[in-house]
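Now for the letters of each chain:
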Amino acid sequence: VDMAKNLFWLWLLILLVLNVIPIGNKTNNALTDNRIVFRLDYLIHFAMMLFFAIIWGVGKCRNVNWFAKHETLKYCTVLILAGIGLELLQLALPWRTFNPVDLLFNLIGAALAVAIIIVSQLIANLKRVKR
């Protein structure tokens, strides 16, 4: 098993734990100018999902085949489902609070990661065809 695959599962496990354990409210501080309220944790939600694109890139550099068939589709599906599921999980936990804006930033980060993955895969396919 390649290091990148382990990194993928480790990152997913870390996100799961962070979304389940009770944490303080420090990351929920508002960055505001009295018109727009933007909490710091929104950036964290965005970045944590975007990191999956980096994991994909590391895996591709190491010639990892994530799945036997339809790897891009399956990887991106897992990524989107993780973005949704990690936040929805908080609905079942009495010590956590579901926030639809957190879910939105998970999905924005996941969507950007998916776009990066698809573009990188298209570029790799074009390079393969030219050879």
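Structure: above.
Please read these numbers as outputs of a predicted model, since none were measured by experiment. (Residues numbered from 1 in each chain as written. Predicted model: local features only at pLDDT ≥ 70, side-chain atom pairs only at ≥ 80, totals over all residues. Heavy atoms only, no water.)

A.B. asks: Summarise unusual backbone geometry; cite the residues concerned and give the values.
C.D. replies: Leaving glycine aside, a negative phi is the common case for residues, and trans is the common case for peptide bonds. The phi angle at Asn 63 is positive, at roughly 60 degrees, despite the residue not being glycine. Here Asn 63 lies in the loop between helix H2 (40-61) and helix H3 (71-88). Asn 63 sits in the exposed class, given a relative accessible area of 67%. Even without a glycine there, the phi angle at His 70 is positive, about 55 degrees. Here His 70 lies in the loop between H2 and H3. (Helix = DSSP H or I, 4+ residues; strand = E, 2+ residues; numbered from the N terminus. Buried < 20%, exposed > 50% of the residue type's maximum accessible area, 1.4 Å probe, protein only.)

A.B. asks: Now, about the pattern of salt bridges: what can you tell me, with residues and values included?
C.D. replies: For side chains bearing opposite charge, pairing can occur when the charged atoms are close. Per the counting criterion, the structure on display carries one salt bridge. One salt bridge connects Glu 71 with Lys 60, and the closest N-O pair in it is separated by 2.7 Å. Here the residue Glu 71 occupies a position in helix H3, and Lys 60 occupies one in helix H2, the gap between them amounting to 11 residues. For Glu 71, a relative accessible area of 13% gives the class buried. Judged by relative accessible area, Lys 60 falls into the partly exposed class, the value being 24%. (Salt bridge = Lys/Arg side-chain N within 4 Å of Asp/Glu carboxyl O.)

A.B. asks: Quick one: what's the story with H3, residue by residue and with numbers?
C.D. replies: For H3, which comprises 18 residues, the first-to-last C-alpha distance of 25 Å matches the rise-based estimate of 26 Å (1.5 Å per residue) to within 8%. Here H3 has its buried residues at Glu 71, Thr 72, Tyr 75, Cys 76, Leu 79, Ala 82, Gly 83, Leu 86 and Glu 87. Along its buried surface, H3 packs onto helix H1 (3-20), H2 and helix H4 (100-130). (Expected span 1.5 Å × (residues − 1). Contact = heavy atoms within 4.5 Å.)

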